[in-house]
Amino acid sequence: MKSQYAMIIDSSKCIDCKACLAACKQVNDLPEDHWRNWIKYSEQDPQSAETHLVHFQPGGCMQCNTPTCVEACPTRATYKDERDGTVKIDYGLCIGCGSCIPACPYGARYRNPITRKVDKCDFCDFWRNNFGLEPACVSTCPTKARIFGDIHDPKTRAYQVLRENSDRVVRLSNPQTETKPNMFYLKNTAPKDWPKPARTPDPIKAMLCCLTPGLQGILGASILGALVMWGKQIFTRSEEEQDDRESE
Amino acid sequence: MNNSNKISRRRFLALAGSGLASAGIGGHLGNLKARAEDTLPTSDNSTQEPGNKDKLESRFSFCNICPNKCGLIARVQNNRVVRLDPNPEHSKSRGMICARGNAGIQQLYDPDRLKYPLLRKGKRGEGKWQRLSWEEALDLAAKKFRDIADKYTRCGWWFTWGADAQAHFVHRFANVFGSYHIANHESLCFWTRNRGFLDVFGEGPPYPDVLNSKYIIMIGANRFESLITPDSIDLMTAIQQGSKLVVLDPRRTKTAARAHEWFPVKPGTDMAFILALMQVIIKERLYDPEVIHKETTGFNDLEKHVRSYTPEWAARETGIPARDIRRIAREMAKAAPAAMVYPGRRSSTYTNSTEIWRSFAILNGLLGNFDRPGGLLARQDLSLHEAKSYLAPWYEDNPKERADAHKAPLMFEDGAMQTMRDAVINEDPYPVKGLFAYHTNPMQAMPNREKTRRMLENMEFVISVDIKMSDTAWMSDLVLPAPSALERRDPASVKQAGSAGACVYTRDPVVPPLFDSKSVFEILQGLAKRLDLGKFFDFGLEEYREEQLKGMPEVKKALREKGVYNHNGSLYGLYKDKPLRTSSGKIELSSARYKDKGLDPIPVYERPQEVPQNSFRLVVGRNACYTNSNTQNNWLLLQFVPNNPLWINPGAAKKLGIRDGDQIKVSSSVSHVLTVAKVTQDIREDTVCMWSGFGNISDGLTLVGHKGGSVAELLEDHIDTLNGNAALHETFVTVKQA
Amino acid sequence: MNNKILRHNTSDIILHWFNALCWFLLLITGLGVLGNHQINPLGKWFPAMMESLCGGAECLLTVHEIIGLVWISAFLLYLLLNFRASMNFLREIFTIHPRRDLVWLLKKPLQLTIGNKAMRRLGLNTELPPQGFYNVGQKAFAQPAVILGLIIAVTGIIMFLSDKVLAEEQTVLVIWSIGIHYVAVGLVTAGLAIHIFMAAINIEERPAFYSMFSGYVPVEHVKYHNPLWYEEIIQEEQSLPDSGTSRTQEATGVQEQSTADKI
């Protein structure tokens, strides 16, 4: 991969002011009641908590390295873009079937009721690529809890922060589904056990595991049969000729 | 921004080629584009959807949703604002804008925006309007100004405004027109804080150096939700760097939940806590005697005064354990002078709020933190030239004093909203019959809405200059549409805050004014011309600003290139070897001036009223996602705060048979509202809380409608006895199933 | 009697080739759109190639949808305009005679693979039970082709409507449509492999292949391959006032023959 853009979040700084949700919704024209990002809330154990009783954890699509959502998409309308490491949606190809939605352990995807296609965070791809602007959630954050950058480029702050904190960084995942997310939480974040196992819808699962090899087999047998029949025709003289010969 | 909202080539071809009778498909084309909050009804304005790659321009401005005035950069495409980003250069806002700042675009393109002048047709509050041209509107307004001035003197008019960069032009107009009446929203908010600190330090408001403070006691203030820049940001930084935060609040706000210690203090008893802290610090000699000697006066009186205010006594009053009070006093004194009682902002709580806040100020004085790192900072020496200065005319027939003069011993000269309201209703001492309101909404901002209604009924002519049909505009005679701050040019203003120091900011239009709106400056100019006062307004704003910034090329350059001028002046030691502006020249731990007036020289504790059986004390609070009635009808912010349920403790709710989400009736001695219950552990059993701004009567706010209950409707009309500021936490309510 | 019989009229021919063309285009664009290479039976290279041919995946999908809609529309139109012929066709292909047809189905493939000589060596009679207009092998393809084709059309329309009118709760229909569409296409394609061989490559069927262009088959071919149809034609011609007119294939029913089938 050429670049890998990632988000590094110090969730201990988050005050749940919702600026990131507002900014994202604003610049990406999201429909009512649907969000590309979220803030998860957890109560800390007063005995063990350092300073605070509650913890706020911002999140969004993790632009995973082995994304289960991409696996679940039959057309590859969603795909991992090799150029910047984000998981993108080709809106021309997406028909909004929604197979990818339960396939995401983080619930990062939703179906836009107006466009009827699936949508999710793309690290403000439009704003970055056309106008060189940061993701809106990063710019707006009052406590600057989010650091964004290419973690393959040693010159970026993101790379450096990640390296400095490599022994403490937390990546959220479900034990049944490791997708190698590109969202890194510094220090202790909570909650940690909320990602769900990826759930690919049954028809897609069937296609992935069994239907494709099955159909390949059937088609192969069919073609083989046709070839055998054709072979017989080519390499043996016509039936009538044989019959004639035998009857002579 | 993705392109999913545009009609894709595939979609178009597919629809064109489908050929089959699919009327449903055609009907759904509308869904691809329409979002009511984004489209504008007139053809004057671009309905260009964002998401295209046309040239993007970046223009500086400042947010106007709340008093913070955070610097922003507006991204504009084809004369339409498509994105708002923070201005990273702005030291006060530390390069951020919050959810409300982002929602400035929704305010700009609110489908319910006022578009042209409106004149009331039916009864007041009926909602029947006729459209006027600006000529007609200003002619009529000028006539009314004259008529009321002729009948009742120039003081028959009252001018009131909100926190806005053009508001001082309303003040100018009031002055040259000749009215003393300029009571405004500040007397519903922080007068008591300003008074308390002013009388101790000789200046107010105080500027807390949160960033460098090692020990912060926050009483009632809720900086992680009631955002004030830079304090909210600096508080998080300070905590991460090891500073300690102690919060006193009857609610478990986000600030309380993120503090090192939170005490659900009994509402109204804060002074007891402060007095006890002082008792411990003095008794155990934890203060710096040199600082006390050099910089303060009245220490001996203070020492005597607090002797009996022991932690044990305070524990009985506040519910905070005595040993904690003692410990906090010691910890605080140890961290001093980089320790503070945070001054907060809204101090419109109790009838003795001035004294409560004065006790905060005195403790800060005792800690020796004034004009020092981590303490309270002095006002910086950054001022602009007074542009287009004038001498206001003298009007012979004017009364001697304001209508609400002397209603409280320590009022500020502007006059106070609630006392003015009484004067208007009672026509006592003389009638006040005209109201000019700009960027303010008394119907939702003042307690006891029925009284505000009566006040407006009592007026002969009410003019509202606003961007939307607020409840006050709804009750007005003449409604004049103003542009949002993003469409305006403003004079330069100075603002100082916390650890960031002072800055200069201004505005130039990011997009041209929409519809037929006019800034209040233009309106006042038009009125002035018609009232033979034209010479006081015969200038343009650019000219005005030039004069303000005369001889300040570095300020002009910074404004042009960075969108803001950060003073970066020295924060500390501004009073080194200089006397304070108090009568003694020092920090007044005991006030001789109060004594002369027959008031307590040092605050005396007053126990708050007991909450009656089966009742609750109603408190108001703030939320990071909306700003009172200013953001009502904001599509984006309504996603976060769509309603204002009543916070009620589970124990209390259970006794009343109320479950979370139930419809309830909340009643006070003046009125009742219907709303919804939010049962939560985060509030004391004897207290309930509602956000303000909901329960609008206006039919002109279609996105929010009449949702929720109006806190203004419920609150009783209490004021601070010393100063006249609103006291919004003195109302008791009952709650039952609706 | 003429030495050629009219087997397919012009509309039959057009419809058949239209169908074939659509199927071909739909198949390659469909496989081109199926970009998930873990699902695509041809792997990664085919969708990539198709995408670059069209100028993007969106283009491919658009083409697929348009052709699909045109394909469906054409058949619906034909059904409307020529209801009787459509019904006759459906009746013909769905009418089977289990005993006779089963024997044919067992013997014919053997004949085509191991050949008559080998069959005789195995002790099997190489005579095949007589067939009508369509032999049961053709019916065995036509039936699923029609049923699965219908399923493909319906699921295709559901997928087409997915981002145009369907709500979130209905996406389960879309997901199932994807799976069913995929299986149905796969099965028909497998059958197509045989059909194309049998119809176009198989030497024995060459005259029938040509009839799909000219419309006519030689009489001798009909007598041998479709004797029951031939009987009907004879009977019809005899019942007509003037003879020598060309026949359409509007057979009204296939009569039981007395020729015994020997196994």
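Residues numbered from 1 in each chain as written. Chains lettered and ligands numbered in written order. Predicted model: local features only at pLDDT ≥ 70, side-chain atom pairs only at ≥ 80, totals over all residues. Heavy atoms only, no water.

**Observations regarding the interface of chain A and chain C**
Consideration 1: Between chain A and chain C, the contact holds 45 residues from the first and 48 residues from the second.
Consideration 2: For the pair chain A and chain C, the two sides together bury roughly 3900 Å², of which 64% comes from carbon and sulfur.
Consideration 3: On the chain A side of the contact with chain C, Ile95, Met229 and Gln233 of chain A bury the most area, a combined 16% of that side's loss.
Consideration 4: Along the contact surface separating chain A from chain C lie 1 salt bridge. (Contact = heavy atoms within 4.5 Å. Buried area = accessible area lost by both parts, 1.4 Å probe. Salt bridge = Lys/Arg side-chain N within 4 Å of Asp/Glu carboxyl O.)

**Section: the sheet that holds strand β1 (residues 5-9) of chain A**
Residues and elements named next belong to chain A.
Consideration 1: An order of β8-β1-β9 is seen for the 3 strands of this open sheet, with the pairing classed as mixed. Looking along the sheet, the strands with just one partner apiece sit at the ends: β8 (146-150) and β9 (183-185). Here the average twist between neighbouring strands, direction ignored, is 20°.
Consideration 2: Of the strand pairs in this sheet, β1 and β8 are connected by 5 bridges, and their pairing is antiparallel. In the strand pairing of β8, Ile9 is matched with Arg146.
Consideration 3: Packed on one face of the sheet, helix α5 (residues 157-164) meets β1, β8 and β9 and runs near 110° to β8. (Pairing = 2+ DSSP bridges. Helix = DSSP H or I, 4+ residues; strand = E, 2+ residues; numbered from the N terminus. Axes fitted to C-alpha atoms, helices over the stretch in contact; angles between N-to-C directions.)

**What to know about the sheet that holds strand β6 (residues 157-161) of chain B**
All names here are of chain B.
Consideration 1: Read from one edge of the open sheet, 6 strands run β5-β4-β16-β15-β14-β6, paired in mixed fashion. The open sheet has two edge strands, β5 (129-131) and β6, and neither has a second partner. Neighbour to neighbour, the strand axes of the sheet diverge by 15° on average, direction disregarded.
Consideration 2: As paired strands, β6 and strand β14 (residues 434-438) are joined by 5 bridges and run parallel to one another. The residue bridging Trp161 from the neighbouring strand is Tyr438, located in β14.
Consideration 3: The sheet strands contacting helix α6 (residues 167-177) are β6 and β14, and the helix crosses β6 at an angle near 165°.

**Points about the nonpolar core**
Consideration 1: Ranked by size, the top nonpolar core spans 55 residues in total, and within it Phe273, Leu277, Leu363 and Leu366 of chain B carry the most contacts.
Consideration 2: The biggest single contributor to this core is helix α10 (residues 270-283) of chain B, with 11 residues. (Core = buried A, V, L, I, M, F, W, Y, C linked by side-chain atoms within 4.5 Å. Buried < 20%, exposed > 50% of the residue type's maximum accessible area, 1.4 Å probe, protein only.)

**So, the interface of chain A and chain B**
Consideration 1: Chain A puts 56 residues into the contact, and the matching count from chain B is 51 residues.
Consideration 2: In total, chain A and chain B occlude about 4400 Å² of area from one another, counting both sides; carbon and sulfur atoms represent 55% of this.
Consideration 3: Ranking the residues of chain A by area buried against chain B places Ile15, Gln26 and Asp29 of chain A at the top, with a combined share of 15%.
Consideration 4: The tally of links from chain A across to chain B stands at 2 salt bridges.
Consideration 5: In this structure, Asp16 of chain A and Lys254 of chain B form a salt bridge, with 2.8 Å as the shortest nitrogen-oxygen distance.
Consideration 6: Looking at which element gives the most residues to the side of chain A that touches chain B, the answer is helix α1 (residues 19-27) of chain A, with 7 residues.
Consideration 7: Across the side of chain A that touches chain B, the residue classes tally to 29 nonpolar, 11 polar and 16 charged. (Nonpolar A, V, L, I, M, F, W, Y, C, P; charged D, E, K, R; others polar.)

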